[in-house]
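Observations on the model geometry
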Amino acid sequence: MATELSEKIELIRNHVQSFPDFPKPGVLFKDIFSVLREPKVFSVLCDILCKHVKSLPSKIEYVTALDSRGFLFGPIIALDQQVPFVPIRKKGKLPGDICSASYKLEYGEDTLEIQANSIPKGANVLVVDDLLATGGSLSAACSLIESIGAKTVECLIVMELTSLKGREKLKAPVHSLLKY
Ligand SMILES: O=P(O)(O)OC[C@H]1O[C@H](OP(=O)(O)OP(=O)(O)O)[C@H](O)[C@@H]1O
Ligand SMILES: Nc1ncnc2[nH]cnc12
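Residues numbered from 1 in each chain as written. Chains lettered and ligands numbered in written order. Predicted model: local features only at pLDDT ≥ 70, side-chain atom pairs only at ≥ 80, totals over all residues. Heavy atoms only, no water.

**Side note on the nonpolar core**
If you look at the biggest cluster of nonpolar residues, it comprises 32 residues, and the most contacted ones within it are Leu45, Ile77 and Leu126. Every element with two or more residues in this core is listed here: α1 (2-14), α3 (39-54), β3 (62-66), α4 (74-81), β7 (124-132), β8 (151-160) and β9 (174-179). Among the elements that make up this core, the one with the highest residue count is α3 (seven residues). Counting residues in each nonpolar core, the second largest holds 27 residues, with Cys99, Ala101, Ile148 and Ile157 among its members. (Core = buried A, V, L, I, M, F, W, Y, C linked by side-chain atoms within 4.5 Å. Buried < 20%, exposed > 50% of the residue type's maximum accessible area, 1.4 Å probe, protein only. Helix = DSSP H or I, 4+ residues; strand = E, 2+ residues; numbered from the N terminus.)

**Section: the sheet that holds β7**
Here seven strands make up an open sheet; going across it, the order is β5-β6-β4-β3-β7-β8-β9 and the pairing mixed. On the outer flanks of this sheet lie β5 (98-105) and β9, each paired with one strand and no other. Strand after strand, the sheet turns through a mean of 20° between neighbouring axes, direction not considered. Here eight bridges tie β5 to strand β6 (residues 108-115), and the two strands are oriented antiparallel to one another. Directly across from Lys104, in β6, lies its bridge partner Glu109. Its contacts with the sheet place α3 against β7, β8 and β9, and it is angled at close to 155° to β8. The sheet contacts of helix α5 (residues 136-147) involve β3, β4 (85-90), β5, β6, β7 and β8, and relative to β5 the element is tilted by about 160°. (Pairing = 2+ DSSP bridges. Axes fitted to C-alpha atoms, helices over the stretch in contact; angles between N-to-C directions. Contact = heavy atoms within 4.5 Å.)

**Description of the side chain of Glu113**
Looking at where Glu113 falls in the secondary structure, it is placed in strand β6. Of the polar contacts made by the side chain of Glu113, one reaches the backbone nitrogen of Gly92; its length is 3.1 Å. Each residue touching Glu113, except ones within four places of it in the same chain, is listed here: Pro87, Ile88, Arg89, Lys90, Lys91, Gly92, Lys93, Leu94, Ile98, Cys99, Ser100 and Leu144. (Polar contact = N/O pair within 3.5 Å; in protein donor to acceptor, adjacent residues only side chain to side chain.)

**A few points about α5**
Taking 1.5 Å per residue as the helical rise, α5 with its twelve residues ought to reach 16 Å, and the 16 Å between its terminal C-alpha atoms agrees with that figure. Listing the buried residues of α5 in full gives Gly136, Ser137, Leu138, Ala140, Ala141, Cys142, Leu144 and Ile145. For α5, the elements touching its buried residues are β3, β4, β5, β6, β7 and β8. Positive phi shows up at Gly149, right after α5, with a value of about 85°. (Expected span 1.5 Å × (residues − 1).)

**A short note on unusual backbone geometry**
That bond from Phe22 to Pro23 is cis: its omega, -5°, falls within 30 degrees of zero. Counting through the fold element by element, Pro23 comes out in the loop between β1 (17-20) and β2 (28-31). The amide bond that connects Asp67 to the next residue, Ser68, takes the cis arrangement and shows omega of 0°.

**Regarding the site of ligand 1**
Near ligand 1, the surroundings consist of 16 residues, among which Ser68, Asp129, Asp130, Thr134 and Ser137 are the closest. Asp129 places a side-chain nitrogen or oxygen 2.5 Å from an oxygen atom of ligand 1. With respect to ligand 1, the side chain of Asp130 contributes an N or O atom lying 2.5 Å from an oxygen atom. Protein burial of ligand 1: of its 500 Å² of free accessible surface, 88% is covered by the chains. Elements represented by at least two residues in the shell around ligand 1 include exactly β7 and α5. Of all the elements, β7 adds the most residues to the shell around ligand 1, at four residues. For the shell around ligand 1, a count of residues per class yields five nonpolar, five polar and six charged. (Near = heavy atom within 4 Å. Areas by Shrake-Rupley, 256 points an atom, 1.4 Å probe, with all protein chains shown as cover. Nonpolar A, V, L, I, M, F, W, Y, C, P; charged D, E, K, R; others polar.)

Spelled out as structure tokens, the structure:
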């Protein structure tokens, strides 16, 4: 069973394309969209993510994901769990009362926002994204969840760039499928 999981993970790894010096010199860009171009591999990936969430000891009550590539996986996991999906978006995209947090990227700066009343206080939240680099985005996302009084049970990531040590910025447990 363990071997089967590691074989599936290697299948996914073999479908991630890498682009040197994109979008800036020195950045090795990991492109998740090359996985989505292969429906069978995309399906294997979604299946692994959903099974992992089912195996967590705490019941996930809300799934959030980061704009934009986190949206490829977050809603699929939320549907599988039959819990609400709540987006965390880049600045200026969400209507109504919002909470904001700014952060630095591997190649820039940005602000993330969540709708203030989208998750009740005390709720157990899963945070999903495609990639963990410096950890700036996820740490801003976790601050947003904390600021609205909810709890990040886990950050679930498809790809982790371990040399950037983003995991060390995060208080919540981090689970990643592919480590680079
Ligand atoms: O760990 P960090 O250094 O914060 O970097 C990781 C983030 O960077 C990418 O998103 P990006 O902001 O490029 O937006 P996109 O998903 O819309 O392309 C990626 O999808 C993560 O969200
Ligand atoms: N190296 C990288 N590849 C893809 N997305 C990223 N986001 C931040 N760093 C990245």
